[in-house]
Amino acid sequence: MYHFIIGAFLLFGLDAVLDGQGTPEIQVERITIKNKSAILDELDLLNINERTVFPNIENSTKYVASKYKFNK
């Protein structure tokens, strides 16, 4: 089974504006996420999380602290 993911990350300068309708070359589609927590949990199972995407000491410590926090 093959899964295809198509997307883009766009970076703009300080004053740049992208028309919300897109252009003939760029199609803009917006989706609404209703179950963000469940999606983040599934991504974490694949080792895709804040710790691995942004690997710095602050994000790593936040991740470990949230994974192993104690319920009082």
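Thresholds, definitions, all that
Every residue gets a number counted from 1 within its own chain, in the order that chain's sequence is written. Two thresholds apply to this predicted model, a pLDDT of at least 70 for residue-level local features and 80 or more for giving and counting side-chain atom pairs, whereas whole-chain, interface and lining totals are computed over all residues. By convention in this description, side-chain values take in all heavy atoms of the structure and omit both hydrogens and water. In this description a helix means any DSSP run of H or I spanning at least four residues, a strand means any run of E spanning at least two, and both kinds are numbered starting from the N terminus. Contacts described as polar in this section are N or O atom pairs within 3.5 Å, which, within protein, must combine one atom able to donate a hydrogen with one able to accept it, while residues neighboring in sequence count only if both atoms come from side chains. The contact criterion used is simple: two residues touch if any of their non-hydrogen atoms lie within 4.5 Å. Salt bridge, as used here, is a side-chain nitrogen of Lys or Arg placed within 4 Å of a carboxyl oxygen of Asp or Glu. Accessibility here uses a 1.4 Å probe with only protein chains present; expressed as a share of the type maximum, an area under 20% marks a residue as buried, one over 50% as exposed, and anything in between as partly exposed.

**Considering the side chain of Asn 49**
In this structure, Asn 49 sits in the loop between helix 1 (36-45) and helix 2 (50-53). Side-chain polar atoms of Asn 49 contact the side chain of Asp 44, separated by 2.7 Å. Only 3.0 Å separates the side chain of Asn 49 from the backbone nitrogen of Thr 52, close enough to count as a polar contact. Ignoring sequence-local partners within four residues, the contact set of Asn 49 consists of Asp 44 and Tyr 63.

**A closer look at the pattern of salt bridges**
Tallied over the entire structure, the rule returns 2 salt bridges. Here Lys 67 and Asp 44 are joined by a salt bridge, their closest N and O atoms 2.8 Å apart. Here Lys 67 is found in helix 3 (residues 57-67), whereas its partner Asp 44 is found in helix 1, with 23 residues between them in sequence. With its nearest N and O atoms 3.7 Å apart, the salt bridge here joins Lys 62 to Glu 58. Remark: Glu 58 and Lys 62 occur in helix 3; sequence separation between them is 4 residues, near one turn of the helix. Lys 62 gets classed as partly exposed once you look at its relative accessible area, which sits at 44%.

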